[in-house]
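# Overview (structure and organization)
Residues per chain, in single letters:
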Amino acid sequence: MRRTGQSLGLILAALTASFAVPSWAEPTRHGPVVVELFTSQGCSSCPPADALLHDLQDSPDVLPLALHVDYWDYIGWKDSFARPAHADRQRVYAHHGGRNMIYTPQMVIMGQQDVVGADVRALRAAIAVHDGQAAPVAMELKGASNELLLTPAPGAAALPALDVVLVRYARAQSVKILRGELAGHELSYANIVTDMVPLARWDGQSDLSVALEPAADGLEEAVFIQEAGGGRILLSARR
């Protein structure tokens, strides 16, 4: 069900060409653009968006995350990756955006803009909005000690409370869907979120050190800084 073709490839090449590569070895004021896809194995409109997430997976400049929701389970197939917390997160975004509904496939970019999940051009435009924007905080990982250091940027304006969030995700898994709207298909999913772990609440005004557990076996990890209560994502980095 992957969507292919020269035009898609050209758009994706342009989409990912201009972002600065994040680093956990040095303090940074930028990071990959976080793209959260709300999707479901029970949604017949979702495979093109799932394929698009695959195409973004290897970009060092975009952090694509698949958050599977459970509200389509009633139509005959229980999504094996779904978490109720993912639908709750989507509802928070809808509230902040003044929307009275949630849907799949939906992509939310840096906690701020939403686009229909398979709309490549709209996604490209939304990501470009964040190209080159400096974050008001900086983040550094000391790999030997698994210590995350956060510092406010010099001269940055006062910030609301910030959440430091660790996200764990499986790089790729395939699923044979036996019932529901996609019955009979075997689909591949990328960057499947398994956990979003709040690490700390930060005022953004003073330095903060956060101890990280060793990385989980078989999963990839990233950290992002987000305005408390599901607001803007200010900064992210892969672990």
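This write-up is about the structure you can find in this document. Counting restarts for each chain, with residues numbered from 1 along the sequence as it is written. Confidence filtering applies because this is a predicted model: local features only for residues at pLDDT of at least 70, side-chain atom pairs given and counted only at 80 or more, and all residues used for totals across whole chains, interfaces and linings. Side-chain numbers come from the whole structure's heavy atoms, not from hydrogens or water.

### Looking at the pairing of strand β1 (residues 33-39)
Burial classes follow relative accessibility: with a 1.4 Å probe on protein chains only, a residue under 20% of its type's maximum area counts as buried, one over 50% as exposed, and anything between as partly exposed. Each helix is a run of H or I in the DSSP string that is no shorter than four residues. Each strand is a run of E no shorter than two, and both are numbered from the N terminus. Buried residues dominate β1, accounting for seven of its seven residues. Covered by surrounding structure in β1 are Val-33, Val-35, Leu-37 and Thr-39 together with Val-34, Glu-36 and Phe-38, the residues of both alternating faces. Where β1 and strand β2 (residues 62-68) come together, seven bridges link them in parallel fashion. Residue Thr-39 lies in a different strand from β2, and its bridge partner there is His-68. Considered for its hand, the β-α-β crossover made up of β1, helix α2 (residues 47-56) and β2 is right-handed. The pairing criterion for strands is at least two bridges between them, as found by DSSP. By definition, the crossover connecting two strands over a helix is right-handed if that path, from the first strand to the second, turns clockwise as seen with the strands pointing away from the viewer.

### Looking at the pattern of salt bridges
What makes a salt bridge here is a side-chain nitrogen of Lys or Arg within 4 Å of a carboxyl oxygen of Asp or Glu, nothing more. Per the counting criterion, the structure on display carries 10 salt bridges. With its nearest N and O atoms 2.3 Å apart, the salt bridge here joins Arg-171 to Asp-58. With Arg-171 in strand β7 (residues 162-176) and Asp-58 in the loop between α2 and β2, the pair connects residues that are 113 residues apart, well separated along the chain. By relative accessible area, which is 59% here, Asp-58 ends up exposed.

### Some points on the nonpolar core
Here, the term nonpolar core denotes a set of buried Ala, Val, Leu, Ile, Met, Phe, Trp, Tyr and Cys residues that are joined through side-chain atoms within 4.5 Å. Val-35, Leu-65, Met-107, Ile-109, Leu-123 and Ile-127 are the most contacted members of the largest nonpolar core, which has 34 residues in total. For this core, the secondary structure elements donating two or more residues are β1, α2, β2, α3 (84-96), β3 (106-109), α4 (120-129), β7 and β10 (220-227). Judged by nonpolar contacts, the second largest core, of 18 residues, contains Leu-141, Leu-148, Leu-166 and Ala-237.

### A few points about the packing of aromatic side chains
Describing an aromatic ring pair means giving the distance of the ring centres and the angle of the ring planes. The aromatic pairing rule takes the rings of Phe, Tyr and Trp, using the six-membered ring of Trp, and pairs them if the centres are within 6.5 Å, calling planes under 30 degrees apart stacked, those over 60 edge-to-face and the rest tilted. Across all of its chains, the model carries four aromatic pairs by this definition. Ring geometry for Trp-72 and Tyr-74: centres 6.4 Å apart, planes at 25 degrees, overall stacked. Using a relative accessible area of 26% as the deciding quantity, one classes Trp-72 as partly exposed. Residue Tyr-74 is classed as exposed on the basis of its relative accessible area of 64%. Between the aromatic rings of Phe-81 and Tyr-189, the centroid separation amounts to 5.9 Å while the plane-to-plane angle is 80 degrees, which identifies the pairing as edge-to-face. Here Tyr-189 lies in strand β8 (residues 186-202) and Phe-81 lies in the loop between β2 and α3, a separation of 108 residues in the sequence. Its relative accessible area of 10% is what places Phe-81 among the buried residues. Clustering of aromatic rings is evident, with ring pairs tying together Tyr-71, Trp-72 and Tyr-74.

### Topic: the sheet that holds strand β6 (residues 147-152)
Spatially, β5-β6-β9 is the arrangement adopted by the three strands of the open sheet, whose pairing is antiparallel. The outermost strands of the open sheet, each flanked by one partner alone, are β5 (137-142) and β9 (208-211). The mean inter-strand angle of the sheet, taken between neighbouring strand axes irrespective of direction, is 20 degrees. Inspection of the sheet shows β6 paired to β9 by four bridges, in the antiparallel sense. Bridged to Leu-149 within β9 is Ser-209. Axes here refer to lines fitted to C-alpha atoms; in helices the fit is confined to the stretch in contact. Angles between the N-to-C directions go from 0 to 180 degrees.

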